[in-house]
Amino acid sequence: MPDGSQRSLARASEIGRVATRHDFGYLLDRRRSNDETDLADRGRRLREMLDELGPTFVKFGQLLSTRPDLVPPDIVTELRKLQDDVRPFPIADVERVVHEELGLSIERAFVAFEETPIAAASIGQVHRATLPNGADVVVKVQRPTAPRQVDSDLRLMRSAARFVRDRVRQLDFIDSAEIVEEFGRSIRQELDYQQEARNAETFRRNFADDPAVAVPRVWWRYTTGRLLTLERLEGVQLRDLPVETWSDEERRELAYRMTDAWMTMIFRHAFFHGDPHPANILVLEDGRLGLVDFGLAGRLSEEDMARLTRLFVDAATENVEALPRRLSDLGVRYPREREEELRARLEELYYRYYGTRLSEIDPIEVIREGLNLVYSMNLRLPTRFVILDKALATLGAVAVEVYPEFNVFEVARPYARQLMSERLSPRRVALQAQKQARELVEVAAKLPVQVSDVLEELRDGEMRIKISNPGIDDLAHHIDVSVNRIAVALVILGGLVGSSMIGALANDGPQLLGLHLLSVLGFLLSATFGLWLLWGVFKSGRL
């Protein structure tokens, strides 16, 4: 067996042992069903299991924490506590990556380079350094083994996803293959440091005229796909600030200033930092907020902003009946047969808080209720809104830690009002009407040609109608398997009947165990086919 296969088998065995140790063994046994005791603290146990399995699984857990449409709220809350913190790799590996990427040794590329990293994660680690021009920078270096390890873990996860789909009935509501593919796309983006550099450049350009926010400069000469060099921001991470010694006014000012920066990104720039973690926000010596770690960013299109505006308008005018349609316009997917139930749930949530003063609303509780609605209704969220949800949830939790009386709605309301006033201004409405009129003219111009094409195809008998049913391929596969099993069962039955007749009627010829030799061979072949059929049935997990 190849070494790679041996490693994969050993890793799969290790995963099984760790899952059993954290009381998830029932997922591996289709005959067992989880009971209420299994559900009691499943979020904590899952977080501890992923933490024990290592960095790649920690990142996978972090991805799951951004999918409230797929994962129950209690598990989402626990998975958001996962931290991507691992042991640094040796300086010799750092030197090799720098040389491979820049064609220079560390000594020639940098005037100074600290061997001890200031941060280390599963994909890379960060070192302080100084460029030949005297600029103080931080250098993010990718682990040499990261791409290979990611590919290996993704293969294993795809196999696990197939196993979950075929064997674990308790997780039928999750498209495990889709989650693994999304994770693959996400982590491969993290492997491309040039994409992170482009994100940083966009944030720096957006905040160029903002005196309250600092974004580091990208040194492109020292940046590649595996090496990222940024201007060094001197400050204290939010998590290291002694806020407990501050006055309430100082804590409030910091929490609201931090939230104001994200509201600016979302409502004005439509391009936002997706991970406002306390380690990614610095308070600089001059009082500005410094942003770092730009690997996860979200973008809202012009159409997204227009649709959000219509959603806000309907909410402000109590047009709750239109909310499901507005959500659908934004790309939120839900079972059509449950639309009335969704509308009723939205009305219940809406009128629970309508007319309540902002100071009396707990935003964390509102977010939690929203997540419960998303999960219980099996709503599917577009990726860009999943990132937005993660950013807002993280931001809210961090701001409450800084200032317990914090209310995100107080900061967001002026931005939402400004967004609506801008989007509904006479000039913008006129431009939108002009755009829609041009589109209608184009459709009208094409209509005669399209009608003519359809009529010609009907006349010539070339009209084809394609019906797509996503489940038809699986149905055909199951029918093929069932027919094959019936055929094998008939062969076994025929072999048994034929062998019995030969044994009962044939008196001449070679004998074995008191039976005619052909009869014995027939019984052996029938038994072999029977065992093969039973093995296939048990292997599929479906009797």
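Residues numbered from 1 in each chain as written. Predicted model: local features only at pLDDT ≥ 70, side-chain atom pairs only at ≥ 80, totals over all residues. Heavy atoms only, no water.

1. Quick word on helix 11 (residues 248-269)
Helical geometry note: an α-helix holds 3.6 residues per turn, so side chains three or four residues apart project in the same direction.
Right, so step 1: Between its terminal C-alpha atoms helix 11 stretches 30 Å, which fits the 32 Å expected from 22 residues at 1.5 Å a residue.
Right, so step 2: One or two positions beyond helix 11, positive phi appears at Ala-270, with a value near 60 degrees. (Helix = DSSP H or I, 4+ residues; strand = E, 2+ residues; numbered from the N terminus. Expected span 1.5 Å × (residues − 1).)

2. Focus on the nonpolar core
Nonpolar side chains tend to gather and get buried jointly when the protein is soluble and globular.
Right, so step 1: In this structure, Leu-238 and Met-258 are the most contacted members of the largest nonpolar core, which totals 94 residues.
Right, so step 2: It is helix 11 that provides the largest number of residues to this core, a total of ten residues.
Right, so step 3: In contact with Met-258, not counting residues within four places along its chain, are Leu-238, Ile-281, Leu-289, Leu-395, Val-398 and Ala-399.
Right, so step 4: Within the second largest apolar cluster, 19 residues are counted, among which are Ala-129, Leu-131, Val-141 and Trp-219. (Core = buried A, V, L, I, M, F, W, Y, C linked by side-chain atoms within 4.5 Å. Buried < 20%, exposed > 50% of the residue type's maximum accessible area, 1.4 Å probe, protein only. Contact = heavy atoms within 4.5 Å.)

3. Digging into the packing of helix 11 against helix 16 (residues 383-402)
Right, so step 1: Remark: helix 11 packs on helix 16, axes separated minimally by 9 Å, with the N-to-C direction vectors making an angle of 170 degrees. One finds that helix 11 runs roughly antiparallel with respect to helix 16. From helix 11, Arg-251, Leu-254, Ala-255, Met-258, Thr-259, Trp-262, Met-263 and Ile-266 reach across to helix 16, where they touch Leu-388, Leu-392, Leu-395, Val-398, Ala-399, Glu-401 and Val-402.
Right, so step 2: Within the contact of helix 11 with helix 16, the residues separate by chemical class into twelve nonpolar, one polar and two charged. (Axes fitted to C-alpha atoms, helices over the stretch in contact; angles between N-to-C directions. Parallel < 35°, antiparallel > 145°, perpendicular 65-115°, else oblique. Nonpolar A, V, L, I, M, F, W, Y, C, P; charged D, E, K, R; others polar.)

4. Here we look at the confidence of the model for the chain
Right, so step 1: Of the residues in the chain, 74% have a pLDDT of 70 or more, and the chain-wide mean is 78.
Right, so step 2: The least confident element of the chain, judged by mean pLDDT, is helix 2 (residues 36-40) at 53; the most confident is strand 6 (residues 227-231) at 97.
Right, so step 3: Note on residues 30-37: pLDDT is under 50 here. Beyond four places in sequence and across chains, it has twelve contacts. (pLDDT = per-residue confidence, 0-100.)

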